[in-house]
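Examination of the molecular architecture
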Amino acid sequence: MEQVKPDYQDFPLKSYDKIRYRDTDRQGHVNNALFSTFLETGRTEFLYAKEPLHDGNASFVIANLKLDLVSEIQWPGTVEIGTAITRIGNSSFSLFQGLFQNGNLAGTAETVIVQMDENTRKSQPLSAETSEKLAHYLVDLKKEN
């Protein structure tokens, strides 16, 4: 996917996380390692908060994560997390997420999530029901900004 610079409003799923003083580093901004934690907040709220989207006797695992750091995040405040589905496959799907502070894009991430059978530890096809639920959040964020 080419570099996309979305707006928070472009995302069908929105969440946030509070920035803690301990999240900062020597340079006075939020340490880059916390960006992954913020992404996890948005991802897990989508995948598990209302009802688990995975099939019975299965779970979701990350197969790939690409994170682009765009700008700093500062303490104090919050970070807004936008999440969208960009692809639905046989046993996997792709998420695109954006991290924002005060309306400014701070980072983007592309994540491939695979549904795994908990007994065999191998990929398991998504059910029609799971694919249908995911499709409600399918968007094309490759537009030029």
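Okay, so let's go over this structure.

The element strand E5 (residues 104-117) is extensively covered by neighbouring structure, given that 11 of its 14 residues are classed as buried. Bridge count for strand E2 (residues 58-69) against E5 is 11 bridges, and the pairing is antiparallel. Looking across to E5, one finds that Asp68 is bridged to Thr108. Judged from the 10 bridges that link them, strand E4 (residues 92-101) and E5 form a sheet pairing that is antiparallel.

In terms of nonpolar packing, the biggest core is built from 12 residues, these being Ile19, Val30, Leu34, Phe35, Phe38, Leu39, Ile73, Val79, Ile81, Leu99, Ala106 and Ala109. Of all the secondary structure elements, the ones that give two or more residues to this core are helix H1 (33-48), strand E3 (77-88) and E5. The biggest single contributor to this core is H1, with four residues. With residues near it in sequence (within four places) discarded, Ile73 still touches Ile19, His29, Val30, Phe35, Phe38, Val79, Gln101 and Ala106. Counting 11 residues, the second-largest nonpolar core is a separate cluster that includes Phe46, Leu47, Leu53 and Leu126.

Attention shifts here to the layout of surface pockets. Empty space among the atoms can be located by rolling a probe the size of a water molecule over them. The space that makes up the largest pocket amounts to roughly 240 Å³. As for the largest pocket, its lining consists of 15 residues, and the residues nearest its centre are Leu13, Glu45, Phe46, Lys50 and Tyr137. When contributions to the lining of the largest pocket are tallied by element, the ones reaching two or more residues are strand E1 (13-19), H1 and E3. Residues that form the lining of the largest pocket fall into these classes: six nonpolar, four polar and five charged.

Cut-offs used in this document
Residues take numbers from 1 onward in each chain, read along the sequence in its written order. A pLDDT threshold of at least 70 governs which residues receive local features in this predicted model, and a stricter bar of 80 or more applies before side-chain atom pairs are shown or counted, although totals over entire chains, interfaces and linings include all residues. Excluded from the side-chain calculation are hydrogens and water; included are all heavy atoms of the structure. Each residue gets one of three labels from its accessible area relative to the maximum for its type: buried under 20%, exposed over 50%, partly exposed in between, using a 1.4 Å probe on protein chains only. Counting from the N terminus, the helices are DSSP H or I runs at least four residues long and the strands are E runs at least two residues long. Only when DSSP finds a minimum of two bridges between them are two strands counted as paired. Definition of nonpolar core: a set of buried residues of the types Ala, Val, Leu, Ile, Met, Phe, Trp, Tyr and Cys, connected through side-chain atoms within 4.5 Å. Only heavy atoms enter the contact rule, under which two residues are in contact if any of them lie within 4.5 Å. Detection works on a 1 Å grid of protein atoms alone, calling trapped sets that fit a 1.4 Å probe cavities and calling open sets with protein on both sides within 12 Å along at least five of seven lines pockets, with lining residues defined by an atom within 4 Å of a point. Grid points are joined across faces, edges and corners, and a volume is the space filled by probe spheres set on the points. Under the scheme applied here, ten amino acids are nonpolar (Ala, Val, Leu, Ile, Met, Phe, Trp, Tyr, Cys and Pro), four are charged (Asp, Glu, Lys and Arg), and all others, including Gly, are polar.

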